[in-house]
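Geometric and topological summary
For reference, the chains in residue letters:
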Amino acid sequence: QRQLVESGGGLVQAGGSLRLSCVASGLTFSTHAMGWFRQAPGKEREFVAAISWRTANTYYTDSVKGRFTVSRDNAKNTVYLQMNSLKPDDAAVYYCAADRSFNVVRAVMGSPYYWGQGTQVTVSS
């Protein structure tokens, strides 16, 4: 069974940090680009960050550049999202996604084929 399982969410004060993890199973992780998306209450789901499978190229939405870092460990089938200098606007449910296409996971086209269930990030001001 193919699945993505996120962890690492929680409550943090503004300016603090969290590291999200997403473990993949049932798919060939090393040949899938991985992405992070988020959805705040009353808002549409939005792209946050992505990392390619072959060259580990990374791509970020403008609002998180310089604060968030996406990385992957193919030996552990895991993708990470290090979030620093968190702001109240970063509060959302964060979802991990996987697709063979880097353009898909960085929201250039289409929608990722695989999705996790999400992990809640709450940022207090």
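Residues numbered from 1 in each chain as written. Predicted model: local features only at pLDDT ≥ 70, side-chain atom pairs only at ≥ 80, totals over all residues. Heavy atoms only, no water.

1. Regarding the pairing of strand β5 (residues 46-51)
With 5 of 6 residues buried, β5 lies mostly within the body of the structure. Counted between consecutive antiparallel strands, the loop separating β5 from strand β6 (residues 58-60) contains 6 residues, among which Ala56 sits at a positive phi close to 55 degrees. (Buried < 20%, exposed > 50% of the residue type's maximum accessible area, 1.4 Å probe, protein only. Helix = DSSP H or I, 4+ residues; strand = E, 2+ residues; numbered from the N terminus. Pairing = 2+ DSSP bridges.)

2. Section: the pattern of salt bridges
Per the stated rule, a full pass over the model turns up 4 salt bridges. Two residues, Glu46 and Arg38, come together in a salt bridge whose shortest N-O distance is 2.6 Å. With relative accessibility at 35%, the residue Glu46 sits in the partly exposed group. A residue is classified by how much of its surface remains accessible, and Arg38, at 5% relative accessible area, is buried. Here Arg67 ties to Asp90 by a salt bridge, and the two come within 2.7 Å at their closest N and O atoms. Remark: Asp90 occurs in the loop between β8 (78-83) and β9 (92-99) and Arg67 occurs in the loop between β6 and β7 (68-73); sequence separation between them is 23 residues. Each of Arg38, Glu46, Arg67 and Asp90 takes part in salt bridges that share partners, so that together they form one network. (Salt bridge = Lys/Arg side-chain N within 4 Å of Asp/Glu carboxyl O.)

3. Quick word on the sheet that holds β7
One open sheet holds the 4 strands; their spatial order is β1-β3-β8-β7, and the pairing between them is antiparallel. Each end of this open sheet is capped by a strand with a single partner; those strands are β1 (3-7) and β7. Ignoring strand direction, the axes of neighbouring strands in this sheet form an average angle of 15 degrees. (Axes fitted to C-alpha atoms, helices over the stretch in contact; angles between N-to-C directions.)

4. Digging into the nonpolar core
For soluble globular proteins, the rule of thumb is that nonpolar side chains tend to be buried together. Ranked by size, the top nonpolar core spans 29 residues in total, and within it Leu4, Met34, Trp36, Val79, Leu81, Met83 and Tyr94 carry the most contacts. Listed by contribution, the elements that provide at least two residues to this core are β3 (18-25), β4 (33-39), β5, β7, β8, β9 and β11 (119-124). If sequence neighbours within four positions are ignored, Met34 has contacts with Leu4, Cys22, Phe29, Ala49, Ala50, Ile51, Arg72, Val79, Cys96, Ala97, Ala98 and Val105. (Core = buried A, V, L, I, M, F, W, Y, C linked by side-chain atoms within 4.5 Å. Contact = heavy atoms within 4.5 Å.)

5. A look at the packing of aromatic side chains
Evaluation of the coordinates by the stated rule reveals 4 aromatic pairs. Ring geometry for Phe47 against Tyr59: centres 5.7 Å apart, planes inclined by 35 degrees, an arrangement best described as tilted. Of this pair, Phe47 sits in strand β5 while Tyr59 sits in strand β6; the two residues are 12 residues apart in sequence, bridging distant segments of the chain. Given the relative accessible area of 11%, Phe47 is considered buried. Assessed through its relative accessible area of 36%, Tyr59 is described here as partly exposed. A ring pair is formed by Tyr113 and Tyr114, whose centres lie 4.8 Å apart and whose planes are at 80 degrees; its orientation type is edge-to-face. Through successive ring pairs, a cluster of aromatic residues spans Phe37, Phe47, Tyr59 and Trp115. Positioned above the aromatic ring of Phe29, the side-chain terminus of Arg72 is 4.4 Å from the ring centre. Here the guanidinium or amino end of Arg106 rests over the ring plane of Tyr59, the centre of that ring lying 4.6 Å away. (Phe/Tyr/Trp six-rings, centres within 6.5 Å; stacked < 30°, edge-to-face > 60°. Lys NZ or Arg CZ within 6 Å of the ring centre and 35° of its normal.)

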